[in-house]
Amino acid sequence: MASIINTVRATVLSIANKNNYGYITPNDFNLYAKQAQLDIFEDYFYQYNSWIVKQNARVSGSNYANIVKSLVEVIDSFSSTKGLINTGINLFDLPDDYYLIDKVNYYPNITTTGTITFGSIGTTLIDSAANFLGLVGGSIPVKPGMLITNTSAGGLYSGASAFVVSVDSNTQLTISSNDFLTGSFGDTSYTILNTKGITEVERVSQNKIFYLNSTPLTSPGLLFPAYVLGGANNINTGNTITVYPESIVNAGTVVSQYIRYPKDPNWTYATLAAGEPLFDESAADYQDFELPLSDQVNIINKILQYAGMSIREVTLTQFGQVQDQLDDKQQS
Amino acid sequence: MAYITDYQYYENGGLNPEDENWGSYQYVSLNDIVNNFIVMYVGNDKLINNVERYNILFHAKRAVQELNYDSLKEIKILELQVCDTLRFVLPPDYVNWVRISMYKNGTLFPLTENIQTNWSNAYLQDNNCRILFDQDGNILKPENSTLDIDRITGSKKSIYLNQQSAYNGQEGYFYNGIWYFEYPVGARYGLNTETANANPTFKINKKGGVINFSSDVSGELIVLEYVSDGMENGDDSEISVNKLFEEFIYSYMKYVILSSKYGIQEYIINRSRKEKSALLRNAKLRLSNIHPGRLLMNLRGQNKWIK
């Protein structure tokens with residue numbers, strides 16, 4: 001998709017920049033852009049709920065009039081799947097970038113585990129000690145379609161997951177994602193899981209788990225496990241989950257599907273001698289808006305409100321607010 | 001349960017035990033019931049939403065339990081030998097008995113539950129019949145009550161017409177076409193059919209977890225037919241229910257969840273209650289296997305004279 005961040009910035013500057021008074025620096029723009037994106041992102045969930053109510057009241061249509069469907073599409077574009085890392089017990093760390101945990105699944109059948117060795121790159125995974133074809137007696141062969149999770153604690157791709165695309169040899173696999181291996185893959189451990197027998201780990205509240213564990217009819221078991229959300233532990237500052245039954249302790253077997261926060265937009269530029277920053281899409285830290293193109297108008301309206309406050313231009317803020325309200329009215 | 005190949009069905013894919021999948025197609029697993037219910041009956045546009053899975057699981061298990069008590073007719077059978085303690089310890093998954101028989105000389109003899117008791121607890125007493133206590137204030141109890149000792153030693157008499165009957169082996173006189181006895185027969189004008197059984201008797205001590213038998217059972221094989229609650233010793237993966245009751249279970253779960261939720265209109269609850277009851281009747285009829293061929297066999301004897 002073509003970059004929209006540059007269009008947004010150009011439009012914002014065009015509206016705000018009256019007599020060169022309303023110039024917004026790239027740094028300020030990036031801050032406002034992040035605010036605007038988060039605001040709109042969160043609004044999707046409220047809209048979704050509101051439209052569900054309307055759908056149940058039969059005031060929402062189907063096909064092109066199915067608003068819920070289009071909202072779900074946008075929310076699902078932020079869906080991410082990651083294996084959860086634990087510290088040897090049934091306490092697992094949640095991903096740093098999660099906004100909402102949708103599902104936590106338990107994969108009871110581990111096919112094999114190992115450590116990635118030299119030569120791995122991109123989607124090629126090599127483990128010189130592996131037995132992927134199951135040639136050694138007693139070991140289970142790895143098959144395409146199995147899930148592989150990065151079980152290294154810490155690191156850029158900790159918890160990353162991918163599917164096995166092909167078993168190239170007894171020690172080499174091709175996997176579906178290149179967001180799995182880091183450059184320093186020496187200590188990267190992995191777990192390959194059979195996708196049969198997966199069960200959802202149900203979230204229960206802290207005040208229920210005691211009672212659930214106390215009664216045989218509802219106590220969480222391997223077929224119907226449960227978890228409670230907890231706070232930070234002494235190792236990590238993010239949220240953690242405690243999974244029941246307590247026998248679920250194998251790294252990589254608990255995999256979460258969650259909605260992540262959108263990445264912070266970053267309008268990158270190359271400074272020219274004349275002083276005017278020139279948009280540079282190839283910069284390593286460049287990041288476009290992750291919201292769909294249809295949200296461009298909303299983003300601009302939001303940024304205008306922040307920019308108006310920044311340059312003490314009330315009319316600009318009001319313009320943004322009015323546009324925003326009109327847009328909301330139209331969509332509701 | 002997923003569909004399996006014929007080889008998996010008959011020979012478990014070459015694995016042990018070979019009979020693992022025999023008859024499995026009659027049943028739907030608890031896991032499938034819960035998953036199907038969540039998929040088909042729970043959602044933003046359904047009658048039921050915002051319900052936790054443990055809630056669904058609880059009601060699914062309760063439905064399986066209730067069905068196991070009577071409607072399902074899933075009878076478990078256990079054979080054990082009764083030794084001189086005359087005691088049959090109830091199996092770990094026992095909920096209620098259906099029939100208790102004695103297997104002797106190649107024949108199953110159905111036993112009768114004693115209408116009286118044949119066991120009792122007892123407290124130790126002094127000569128003045130005062131109850132004795134230990135230093136902690138607890139009542140002192142003997143190992144066996146007199147009733148139990150007499151039963152175990154064979155000296156307890158029975159009102160049944162078996163070996164322990166008070167009249168068993170008693171002699172009488174036959175004079176002028178009439179029998180005379182030297183023990184009180186009172187106004188015995190006829191046979192008490194309730195106790196007219198020559199087989200041994202039993203009585204169940206539910207809390208004690210044993211079946212106590214009369215003394216003539218010592219050394220005999222006892223076959224207990226009983227019902228369990230279908231919870232398979234807590235192994236959720238083993239819990240299943242006959243497919244004939246699958247729809248009933250969904251409607252039962254729907255009903256109990258709706259009826260315990262706040263703000264559900266009474267007519268919706270009533271609708272689901274009626275649906276549940278109707279489906280239970282349907283399932284029971286189906287499971288009873290009433291079909292013309294079977295009825296014909298029964299009706300063939302309708303004109304037979306019993307002399």
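Residues numbered from 1 in each chain as written. Chains lettered and ligands numbered in written order. Predicted model: local features only at pLDDT ≥ 70, side-chain atom pairs only at ≥ 80, totals over all residues. Heavy atoms only, no water.

### Brief notes about the sheet that holds strand 9 (residues 172–175) of chain A
Residues and elements named next belong to chain A. In spatial order, the strands read 5-10-7-8-9-6; together these six strands make up an open sheet with antiparallel pairing. The open sheet has two edge strands with one neighbour each: strand 5 (110–115) and strand 6 (124–126). Each neighbouring strand pair of the sheet contributes to a mean axis angle of 35 degrees, computed without reference to strand direction. As paired strands, strand 5 and strand 10 (residues 189–193) are joined by five bridges and run antiparallel to one another. Looking at strand 10, one finds that G114 is bridged to Y190. (Pairing = 2+ DSSP bridges. Helix = DSSP H or I, 4+ residues; strand = E, 2+ residues; numbered from the N terminus. Axes fitted to C-alpha atoms, helices over the stretch in contact; angles between N-to-C directions.)

### Regarding the packing of helix 2 (residues 26–56) of chain A against helix 5 (residues 296–310) of chain A
Residue and element names in this part refer to chain A. Where helix 2 contacts helix 5, the two axes come as close as 9 Å, and the packing angle between them is 130 degrees. Our classification of the angle between helix 2 and helix 5 gives oblique. Seen from above, helix 2 lies across helix 5 with right-handed handedness. Contacts from F29, Y32, A33, Q35, A36, D39 and I40 in helix 2 reach N298, I299, K302, I303, Y306, A307 and S310 in helix 5. By residue class, the composition of the contact of helix 2 with helix 5 is nine nonpolar, three polar and two charged. (Parallel < 35°, antiparallel > 145°, perpendicular 65-115°, else oblique. Left-handed = near helix turned anticlockwise from the far one by under 90°. Contact = heavy atoms within 4.5 Å. Nonpolar A, V, L, I, M, F, W, Y, C, P; charged D, E, K, R; others polar.)

### Some words on the pairing of strand 11 (residues 221–227) of chain B
Two faces belong to every sheet, and in a regular strand the side chains alternate between them. Residue and element names in this part refer to chain B. Here strand 11 lies mainly inside the structure; six of its seven residues are buried. In terms of strand pairing, strand 2 (residues 75–81) meets strand 11 through seven bridges, oriented antiparallel. Residue pairing in the sheet places I75 in a bridge with V227 of strand 11. Alignment of strand 4 (residues 96–104) against strand 11, held across seven bridges, turns out to be antiparallel. Residue Y103 lies in a different strand from strand 11, and its bridge partner there is L221. (Buried < 20%, exposed > 50% of the residue type's maximum accessible area, 1.4 Å probe, protein only.)

### Describing the pattern of salt bridges
Between side chains of opposite charge, a pair can form when the charged atoms approach closely. Residues and elements named next belong to chain B. Tallied over the entire structure, the rule returns ten salt bridges over all chains. Between D236 and K61 there is a salt bridge whose closest N-O contact spans 2.9 Å. Of the two residues, D236 sits in the loop between strand 11 and strand 12 (240–242) while K61 sits in helix 3 (residues 53–69), which places them 175 residues apart along the sequence. A single burial state applies to D236 and to K61, both of which are buried. (Salt bridge = Lys/Arg side-chain N within 4 Å of Asp/Glu carboxyl O.)

### As for a nonpolar patch on the surface
Together, Y123, I131, F133 and I139 of chain B make up a nonpolar patch on the protein surface, roughly 360 Å² of accessible area in all. Judged by relative accessible area, Y123 of chain B falls into the partly exposed class, the value being 43%. (Patch = residues over 30% accessible without salt bridge, like charges linked within 9 Å, V, L, I, M, F, W, Y side chains within 5 Å. Areas by Shrake-Rupley, 256 points an atom, 1.4 Å probe, with all protein chains shown as cover.)

### Considering empty space enclosed by the protein
Scanning the model with the defined rule gives two cavities of 30 Å³ or more in all. Of the voids in this model, the largest cavity is the one considered here, and its volume is about 80 Å³. The wall of the largest cavity is formed by N114, N118, R151, K156, K157, S158, Q164, T201, S214 and S215 of chain B. Of the residues that constitute the lining of the largest cavity, the class distribution is no nonpolar, seven polar and three charged. Its volume calculated, the second largest cavity comes out at about 50 Å³. Considering the residues around the second largest cavity, the lining is formed by E202, V204, L212, T218, P220, F224, P225 and A226 of chain A together with R53, Y54 and L57 of chain B. Considering every element that reaches the lining of the second largest cavity, the biggest residue donor is helix 3 of chain B, with three residues. A breakdown of the residues in the lining of the second largest cavity according to their chemical character gives eight nonpolar, one polar and two charged. (1 Å grid on protein atoms, 1.4 Å probe; cavity = no way out; pocket = protein on both sides within 12 Å on 5 of 7 lines; lining within 4 Å. Points joined across faces, edges and corners; volume = space filled by probe spheres on them.)

### Structural notes on the layout of surface pockets
In this model, the second largest pocket occupies a volume close to 1,300 Å³. What lines the second largest pocket is a set of 35 residues, among which I101, D102, K103 and E200 of chain A together with N50 of chain B lie closest to the centre. Looking at the lining of the second largest pocket, the elements with two or more residues in it are helix 2, helix 3 (67–76), strand 4 (98–106), strand 11 (199–203), strand 12 (226–230) and strand 14 (254–260) of chain A together with helix 3 of chain B. Considering each element in turn, the lining of the second largest pocket owes the most residues, seven residues, to strand 4 of chain A. When the residues that make up the lining of the second largest pocket are grouped by side-chain class, the tally is 19 nonpolar, seven polar and nine charged.

### Observations concerning unusual backbone geometry
Here the residue pair Y244 of chain A and P245 of chain A is connected by a cis peptide bond, since its omega of 5 degrees sits within 30 degrees of zero. Backbone torsion omega between N16 of chain B and P17 of chain B reads -5 degrees, so that peptide bond is classified as cis. Mapped onto the secondary structure, P17 of chain B falls in the loop between helix 1 (6–11) and strand 1 (27–29). With a phi close to 55 degrees, N12 of chain B is a non-glycine residue in the positive phi region.

### Brief notes about the confidence of the model for chain B
Residues and elements named next belong to chain B. Mean pLDDT over chain B stands at 91; residues scoring 70 or higher make up 96%. For chain B, the element scoring lowest by mean pLDDT is strand 8 (residues 178–181), at 80; helix 5 (residues 246–259) scores highest, at 97. Reported confidence for the predicted complex is 0.85 by ipTM and 0.86 by pTM. (pLDDT = per-residue confidence, 0-100.)

### A few points about the environment of N128 of chain B
With respect to the helices and strands, the residue N128 of chain B is situated in the loop between strand 6 (112–113) and helix 4 (146–153). The spacing of N128 of chain B and A60 of chain B is 68 residues in sequence and 57 Å in space, taken between C-alpha atoms.

### Some remarks on the sheet that holds strand 10 (residues 210–213) of chain B
Whenever strands of a sheet pair, they do so through backbone hydrogen bonds, lying parallel or antiparallel. Read from one edge of the open sheet, four strands run 3-10-9-6 (chain B), paired in mixed fashion. If you trace the sheet from one side to the other, it starts and ends with strand 3 (87–89) and strand 6 of chain B, each paired once.

### Concerning the interface of chain A and chain B
Facing 15 residues of chain A, the contacting portion of chain B comprises 16 residues. A per-residue breakdown of the area chain A buries against chain B is headed by E202, L217 and F224 of chain A, which together make up 51% of the total. Class assignment for the residues of the side of chain A that touches chain B results in nine nonpolar, three polar and three charged. (Buried area = accessible area lost by both parts, 1.4 Å probe.)

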